[in-house]
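Examination of the molecular architecture
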Amino acid sequence: MSGALLQVRGVAKRFGGLVAVNDVSFDVARGELVSIIGPNGAGKTTLFNLLTGQLAPSAGQVLFDVQDISALSPNRRAQLGLGRTFQISQTLTSLSVVENVMVGAFLHHRGLKDAARRAEEVLHLVGLADRADVRAGILTLSERRRLEVARALALDPQIVLLDEVMAGLNPNEVQEVVSLVERLHAEGHTFLVIEHNLKVVRRFSERVIVIERGAKLAEGTAEDVLADPRVVEAYIGRKRAT
Amino acid sequence: MINPDGASAFAPASSAGAADRTGPRTRSAPRVKTFASELPRALLVLGLLSGLVYLYSGDTFTLNTLAAAFLFAGLSSAWNIIGGFGGQFSLGHSVFFAVGAYTTANLYLKAGISPWIALAPAALLAALVACLLSWPVFRLRGPFFAIATMAFTEVALALGNYMESITGGTRGMSIPFRLGFANMIFRDRLSYALLMLGFAALCLLVVLAVHRSRLGYYLQAVRDNEQAARAAGISVLRVKLMGMALSAALTGIGGGLFFMQVRVADPAALLSLFEFGVKFALIALIGGLGTIYGPLLGALVVIPLESWLRAELGGIVPGANLIVLSLCLILAALFMKHGIVGSLQRLFTIATRRIPR
Amino acid sequence: MADLANIVAVGILLGGIYALVSVGLNLIFGVIRIVNFAQGEFVMLGMYGTYAAYTFLRVDPYLALVVVLPGLFLFGAIVQRLILAPLRTEPTMQIFATFGLLMLLENVVLALTRGTAYSVTSVVAQTSIGIGGVQVGLVRLVALAAATGVAVALGLFLKHSMLGRAIRAVAQDRSAARLVGVNVDRIYMLTFGIGAALAGLAGCLLTPIYTLSPQIGTSFILPAFAVVVLGGLGSVLGAYIGGFIVGLTEAFAGYYLDPALKHAVLFAVFIAVLIVRPSGLFGQVGAEEVGLRDQS
């Protein structure tokens, strides 16, 4: 596993006395689709921010393509090939849809026309091509999610990190986004996904990592992990209790 | 919040296409406008402005007003690069303006360098000062960035009054009246109007080039959402600094031209918050913040209005021009956030909607 | 030694004035998250109000408080409701609007007074007291005492009164406050009114010290920003202590360097603090960022 694309080595994040992420390690190989699940407040998004550079880890290392990126800024990591979406979508509201994606595409396409062309390709990929000229501020939630994915893809990233892209979508829209991710994955894209929706996780069905109270609780195939009594207790048991 | 595409005030090409969305689109070329495709419109606008100068070439008062309007059109366009596109609300641009003015004047007076040539080091020095000053304060956002840049003005004023050898201190500095093209000193007002029109043209073309480039998009991305910008691989600080450097360089040139036109000024006048620092922003807001032609339109409305007010009411009510301007500012903030350009755009959309297809 | 004592005295007295001017600014920022560029103009209005009361009603400047305080409270509340409430979610437009207000008030007063400088005297103004060999004007002592009193009273008011608690609740989390039944819009209006009234109080107490001019507001606003930033955004105690830091800095810079450079030194310090610790010495970390982000 030493050649894995993304290697997380014992990362931890403390805020004062609070330990949000505690000694988490895992790998993501090229071409994989890995899901991270866990109850609310388990530290999933904090973990994500450690991987993408929004936060600096208190301990541990993040290796990307065997390079230690733990100290790099978010933009450096994006330049290296880490694309991401945000839990609360971060749309560039005054730009049009195609321009939003161009902002990502400019990373590898300096020229305006080249970037626009690449952006259009990506918009076709995510099914937003007919909305290209619309101001991004007026998009629906599901369109915004797809736009975020498109902006990340426009970076020509080696891995895309999706932070709860399904949250707040209705079943049809979830279906759309799921098939989008599945299609992209089939084309060879690598994904690391935070997901709340267990149905979705089951469908993706590759490796699943369970985070509970900031630490890794279990890791394995979706079936195994979701059958694990500890996971049921921590995740589903708690869910019932609320 | 801010419409980035001021250009469409004149001919909203994209919305025309959106109106008849009948079949599946069969485009091969992206719909994004480039510098080359925008250029004809900019040249047309500049041509119209030259026509205006030609029309009034015998009228000294109007020529003076036009010269001032063009100067501020250029300065406000320059401010718009970092303030409008980049969303970094600088109130300190009068510092870069003054740096440009004093560089030009000192090189001319002490080293005998023609102002035409001195404008280059003036621009460079203004950009350099801007980068050094804003590097640390770019971590501040919104109003705090504005306050810090306002404080620059105050520090610069204290330093300007102190450094008499460069600025002439509180007594000011004057440039002797020696006619000649090389000295950039003219008797007729037409030359000044054309000079300032040239400056406005330079600024407009630079703004257009920036807006239709990667830097322009990066600036707008930074303005809209820094976090998203970073996730797209953008070095936020570098983009802000580049925008600021360009903006300040043009502002420095404007300062040099202004000094050569008035030929006498003291630090308090050059660093005046109301007359320069804020006016750049005010004109951009009234014209259309973050649009290509907004600052130009804003200057063509605000400056003549102001000079008219000054002529009509200045003697009767002191500060009347500033009262009207400040009212415009408040009303624009409340009711016309997209400025004249935004309002024209809305009118255009309403008008085209009424026309039966 | 006497020099040093003198500089410290000058600095502390100046600090009292700055603290007095800044408390309202900081209250408004802390609660409404608006940087009010026109706060100095509110002080200026307070001064002219005092002058008007002194001239037309023939009352002592200190008694003019009775008129000036409610007047400015009302003015502030109206300004908030008409101009700032509609712009709550637009930080850029807030800057434009409050800056427009600054220009408007300054030039309206200029137009009305035609630039004549006024001054006001009080019985108190002619008195000075010697403390340890340093001569101290009584009016400045009054300002210092008032700044202390206002800081304490405002602190107590925010801590113990119902309205004060509601204000603090809104300052901390406006949506949570709304959920528990606080009328947030009303709190904003009242807070802005109180902030303006505090500026009016400052204006009143400073009238015997300064010669009145329409531009005096702008000469207060930058030191007041410096105070707020140094002392801590949104902290009453911070504004009080920040006032003395700024006052002392200015006094020392004026003495040991060149008086012409004292403002340059002050703002250099101010910018340095903004950079090193943008939340100020006593403020909540991150407040300067919340200032821009919409909370609701």
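As the structure is a prediction and not an experimental result, all values here were calculated from the model.

**Points about the overall build of chain B**
- Secondary structure summary: chain B contains 16 helices and 2 strands in total.
- When its C-alpha atoms are laid out on the principal axes, chain B stretches across 70 × 50 × 40 Å.
- Here chain B holds 357 residues, and the buried ones make up 60% of them.
- Contacts in chain B between residues far apart in sequence, at least 24 positions, make up 78% of those at least 6 positions apart.
- A total of about 13,600 Å² of accessible surface is found on chain B, and carbon and sulfur atoms cover 68% of it.
- Averaged over its 27 positive side-chain charges, chain B has a centre that lies 11 Å from the centre of its 13 negative ones.

**Concerning the interface of chain C and chain B**
- Of the residues lining the interface, 44 residues belong to chain C; the matching set on chain B comes to 43 residues.
- Approximately 4,100 Å² of surface area, both sides summed, lies buried where chain C meets chain B, with 85% of it carried by carbon and sulfur atoms.
- Looking only at chain C, the three residues that lose the most surface to chain B are Phe96(C), Met103(C) and Ile275(C), adding up to 16% of its buried area.
- Seen at the junction of chain C and chain B, the total is 1 salt bridge.
- For Glu90(C), the salt bridge goes to Lys337(B), with nearest N and O atoms at 3.6 Å.
- Broken down by element, the side of chain C that touches chain B gets its largest block of residues, 16 residues, from helix H4 (residues 91-113) of chain C.
- Looking at the side of chain C that touches chain B residue by residue, the class counts come to 34 nonpolar, 3 polar and 7 charged.

**Notes on the interface of chain A and chain B**
- With 33 residues of chain A at the interface, the matching set in chain B holds 29 residues.
- Taken together, both faces of the contact between chain A and chain B bury some 2,800 Å²; the carbon and sulfur share is 57%.
- A per-residue breakdown of the area chain A buries against chain B is headed by Ser94(A), Leu112(A) and Asp133(A), which together make up 20% of the total.
- Inspection of the region where chain A meets chain B yields 0 salt bridges.
- Among the secondary structure elements, those contributing two or more residues to the side of chain A that touches chain B are helix H2 (74-80), helix H3 (97-105) and helix H4 (112-126) of chain A.

**Describing the sheet that holds strand S4 (residues 59-64) of chain A**
All names here are of chain A.
- The 4 strands are arranged S2-S1-S4-S5 in an open sheet whose pairing can be described as antiparallel. Taken across any chain shown, the strands that pair with only one partner, and hence form the sheet edges, are strand S2 (18-28) and strand S5 (67-68).
- Sheet contacts for helix H1 (residues 44-52): strand S1 (6-15), S2 and S4; angle to S1, the most-contacted strand, approximately 120°.

**Some points on the nonpolar core**
- One finds Phe37(C), Phe99(C), Phe225(C) and Phe270(C) to be the most contacted residues of the largest nonpolar core, which totals 273 residues.
- Residues contacting Phe99(C), with those up to four places away along its chain left out, are Leu91(B), Met150(B), Leu273(B), Phe274(B), Val278(B), Leu329(B) and Phe37(C).
- Residues Val28(A), Ile36(A), Leu50(A) and Ile69(A) belong to the second largest nonpolar core, which totals 25 residues.

**Remarks on the sheet that holds strand S10 (residues 215-221) of chain A**
Residues and elements named next belong to chain A.
- What the 6 strands build is an open sheet, ordered S6-S7-S8-S3-S9-S10; its pairing is mixed. Two strands bound the open sheet, and with one partner strand each, they are strand S6 (82-84) and S10. Taken pair by pair, the neighbouring strands of this sheet meet at an average axis angle of 20°, ignoring direction.
- Alignment of S6 against strand S7 (residues 159-163), held across 3 bridges, turns out to be parallel. The residue bridging Arg84 from the neighbouring strand is Leu161, located in S7.

**Observations regarding the packing of helix H2 (residues 35-55) of chain B against helix H8 (residues 189-211) of chain B**
Residue and element names in this part refer to chain B.
- As a packed pair, H2 and H8 sit with axes 11 Å apart at the nearest point and diverge in direction by 165°. Taken together, the axis directions place H2 and H8 in an arrangement best described as roughly antiparallel. Where H2 crosses over H8, the handedness of that crossing is right-handed. Together, Phe35, Glu38, Leu39, Ala42, Leu46, Leu49, Ser50 and Val53 of H2 and Leu190, Ala193, Leu194, Leu197, Ala201, Leu204, Leu205, Leu208 and Ala209 of H8 make up the contact between the two elements.
- Across the contact of H2 with H8, the residue classes break down as 15 nonpolar, 1 polar and 1 charged.

**So, the environment of Glu195(A)**
All names here are of chain A.
- Along the chain, the position of Glu195 falls in the loop between strand S8 (191-194) and helix H7 (198-204).
- Overall, the relative accessible area of 2% leaves Glu195 in the buried class.
- For Glu195 and Gly220, which are 25 residues apart along the polypeptide, the C-alpha to C-alpha distance reads 15 Å.
- If we skip the residues at most four places from it in the chain, Glu195 touches Ile36, Ile37, Glu164, Val165, Met166, Val200 and Val201.

Procedures and definitions
Residues numbered from 1 in each chain as written. Chains lettered and ligands numbered in written order. Predicted model: local features only at pLDDT ≥ 70, side-chain atom pairs only at ≥ 80, totals over all residues. Heavy atoms only, no water. Helix = DSSP H or I, 4+ residues; strand = E, 2+ residues; numbered from the N terminus. Buried < 20%, exposed > 50% of the residue type's maximum accessible area, 1.4 Å probe, protein only. Contact = heavy atoms within 4.5 Å. Areas by Shrake-Rupley, 256 points an atom, 1.4 Å probe, with all protein chains shown as cover. Lys, Arg positive; Asp, Glu negative; His and termini not counted. Charge placed at Lys NZ, Arg CZ, Asp CG, Glu CD. Buried area = accessible area lost by both parts, 1.4 Å probe. Salt bridge = Lys/Arg side-chain N within 4 Å of Asp/Glu carboxyl O. Nonpolar A, V, L, I, M, F, W, Y, C, P; charged D, E, K, R; others polar. Pairing = 2+ DSSP bridges. Axes fitted to C-alpha atoms, helices over the stretch in contact; angles between N-to-C directions. Core = buried A, V, L, I, M, F, W, Y, C linked by side-chain atoms within 4.5 Å. Parallel < 35°, antiparallel > 145°, perpendicular 65-115°, else oblique. Left-handed = near helix turned anticlockwise from the far one by under 90°.

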